[in-house]
Amino acid sequence: MDFSFTEEQLMLQELAARIAREKIAPSAAGHDAAASYPLENIRLLGENGLMGIEVPVQFGGAGMDPVATVLAISEIAAADAAHATILSVNNSLFCTALTLHGSDAHKQGALRQVAEGRAIGAFALTEAHCGSDATAMRCRAEATGTGQWRINGAKSWITSGPVADWVILFAVTDPQAGSRGITAFLIDTTRAGFSRGKSEPKMGVRASATCEIRFDDYLAEAADVIGAPGQGFKLAMSLLDGGRIGIAAQAVGIARAAYQASVAYAQQRQAFGQAIGSFQLIQAKIADMKCKLDAATWLTLRAAWLKGQGQPFSTEAAVAKLTASEAAMWIAHQAVQIHGGMGYSQELPVERYFRDAKITEIYEGTSEIQRIVIARNETGLR
Ligand code: CAA
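Being a predicted model, the structure only gives us computed values, none of them experimental.

## Some words on the overall build of the chain
Right, on to step 1. Within the chain one finds eleven helices and ten strands.
Right, on to step 2. Computed over C-alpha atoms, the radius of gyration of the chain comes to 21 Å, within 12% of the 21 Å expected from 2.2 N^0.38 for 382 residues, which places it in the range of a compact globule.
Right, on to step 3. Along the first, second and third principal axes, the C-alpha atoms of the chain reach 80 × 45 × 40 Å.
Right, on to step 4. Here the chain holds 382 residues, and 54% of them are scored as buried.
Right, on to step 5. Taking as baseline every contact in the chain between residues at least 6 positions apart, the subset at least 24 positions apart corresponds to 73%.

Written out as structure tokens, the structure is:
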């Protein structure tokens, strides 16, 4: 078993760490407070190959592997989780969908633009009445009889929705067929029939713009179908397997930042005549944080490595996402406690880590859904 990284993976990690240090960390608190989308930083990430890490070079990407994606997302998330949300959805969901299932026209068009950071991609599965129960979607695409699809309905909680140039949409094309009646479409947001609703006011990852999107007689062409009609649900599920590794990587980054801040504070903060890190109650927290952080890190890398080897990774991605998101939440909670009043103050990023960590237990499949996926895969029962 080889735990070392390749030279290329380490170079990408260092590049992401440098951008995180020089550009993202200094602007993170401001974007969080204003809930403003960090377009300039996202363009910079795109120019440096970080918006299409696994996209083949011929389609504008960096041509790297899932382990490199995990390293990059974790570095960005350690500086600001909201940037990592945008990065993860763009890479793991949007770009992977077109890389694996898109037509040549999709790859030469939307995929290239998004991988090069000239355009932003989104993924639209969730609706206001259904998040976990994705097959209950109502957004409808009806065949017009002339080769087109007429789309009507709305999707909620769309990451990058307010700024997306392209959207991967899942809509019902055969209402009688359940999960086998759902189809994926590539949506051009400049076309008639597409509109955006109000942005969601959120607890955390506030700089990652999120909104409802609407379709009112949007006409999609036959060539806009991704994969085949009726294959959309399986496509969404397989993409989410990969997306969950991205969110696990984000959680690892948040957890690492909260842990490192806590160690530094425990070394420097004095109470009762000594550094608080000398007290066993603080030492126990530091030790438990370190164990959870390492478990989250290596489970996430295991899932990414399996994906890169072309091996099944659905269970391992769910294990990584569940472990890393719950570790991030727990570690951020302890970090606030170790920092005391300063952990509750907006003068330090610790309270932001706490708010940001929570979403990793919710999006791309809640912790409850991860447990369902793991248990179903392990037992073979439903
Ligand atoms: N890969 C490929 N196919 C899969 C699959 C996978 N991982 N999981 C299920 N399928 C297939 C099944 O084999 C089945 O196929 P057949 O019809 O051939 O039998 C079909 O999909 C239906 O599967 P289920 O019967 O298991 O479906 P279900 O209705 O019971 O749902 C679920 C299963 C795991 C609960 C699923 O609905 C789920 O994962 N829900 C969570 C949805 C989610 O993660 N949403 C996140 C929104 S996106 C987001 O957050 C992005 C963002 O912007 C940050």
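## Digging into the pattern of salt bridges
Right, on to step 1. Applying the stated criterion across every chain, the model contains 16 salt bridges.
Right, on to step 2. A salt bridge links Glu-127 to Lys-155, with the shortest nitrogen-to-oxygen separation between them at 2.9 Å. Taken together, the residues span a long stretch of sequence, with Glu-127 in the loop between β1 (121–124) and β2 (140–143) and Lys-155 in strand β3 (residues 149–159) at a distance of 28 residues. Across this residue pair, the class does not change: Glu-127 and Lys-155 are buried.
Right, on to step 3. For the salt bridge of Arg-371 with Glu-326, the shortest nitrogen-to-oxygen distance reads 3.1 Å. You can see Arg-371 sitting in helix α11 (residues 367–379) and its partner Glu-326 sitting in helix α8 (residues 314–339), a full 45 residues away along the chain.
Right, on to step 4. Under the relative-accessibility criterion, Glu-326 is labelled partly exposed at 28%.

## Focus on the UniProt feature "domain: Acyl-CoA oxidase/dehydrogenase middle" (unreviewed entry) in the chain
Right, on to step 1. According to UniProt, the positions carrying the feature "domain: Acyl-CoA oxidase/dehydrogenase middle" (unreviewed entry) are residues 122–217.
Right, on to step 2. Helix makes up 0% of residues 122–217 and strand 48%, and the two end C-alpha atoms of the span are 20 Å apart.

## With respect to the state of the cysteines
Right, on to step 1. Applying the stated rule across the entire model yields zero disulfides.
Right, on to step 2. Counting only cysteine sulfurs, Cys-139 is the nearest neighbor of Cys-130, a cysteine outside any disulfide, at a range of 10 Å.

## With respect to the nonpolar core
Nonpolar side chains tend to gather and get buried jointly when the protein is soluble and globular.
Right, on to step 1. The biggest cluster of nonpolar side chains holds 69 residues, and the ones touching the most others in it are Leu-12, Leu-45, Leu-50, Ile-76 and Ile-331.
Right, on to step 2. Those elements giving two or more residues to this core turn out to be α1 (7–34), α2 (39–47), α3 (66–79), α4 (81–101), α6 (232–268), α7 (280–308), α8 and α10 (350–359).
Right, on to step 3. Here this core gets twelve residues from one element, more than from any other, and that element is α6.
Right, on to step 4. Residues within four places of Ile-76 in sequence aside, it is in contact with Ala-16, Ala-20, Ile-24, Leu-45, His-83, Ala-84 and Leu-87.

## Points about the packing of aromatic side chains
Right, on to step 1. Inspection of every chain in the model, using the stated rule, returns seven aromatic pairs.
Right, on to step 2. Aromatic side chains Phe-194 and Phe-215 sit 5.6 Å apart centroid to centroid with 70 degrees between the ring planes, which places their arrangement in the edge-to-face category. Of the two residues, Phe-194 is situated in strand β6 (residues 194–199) and Phe-215 in strand β7 (residues 210–220); the sequence distance between them amounts to 21 residues.
Right, on to step 3. On the accessibility criterion, Phe-194 (10% relative accessible area) is buried.
Right, on to step 4. Ring-pair connections join several aromatic residues into one group, and the members of that group are Phe-3, Phe-5 and Trp-298.

## Examining α4
Right, on to step 1. Here α4 spans 28 Å end to end across 21 residues, near enough to the 30 Å set by a 1.5 Å rise per residue.
Right, on to step 2. In α4, a bend of some 35 degrees at Cys-95 exceeds every other bend along the element.
Right, on to step 3. Most of α4 sits out of view: 18 of its 21 residues are buried.

Here is what the cut-offs are and how they apply
Residues numbered from 1 in each chain as written. Predicted model: local features only at pLDDT ≥ 70, side-chain atom pairs only at ≥ 80, totals over all residues. Heavy atoms only, no water. Helix = DSSP H or I, 4+ residues; strand = E, 2+ residues; numbered from the N terminus. Rg over C-alpha atoms; globule rule 2.2 N^0.38 Å. Buried < 20%, exposed > 50% of the residue type's maximum accessible area, 1.4 Å probe, protein only. Contact = heavy atoms within 4.5 Å. Salt bridge = Lys/Arg side-chain N within 4 Å of Asp/Glu carboxyl O. UniProt positions renumbered as here; feature names shortened; annotations may be inferred. Disulfide = S-S within 2.5 Å. Core = buried A, V, L, I, M, F, W, Y, C linked by side-chain atoms within 4.5 Å. Phe/Tyr/Trp six-rings, centres within 6.5 Å; stacked < 30°, edge-to-face > 60°. Expected span 1.5 Å × (residues − 1). Bend = angle between axes of the 7 residues up to and from the residue.

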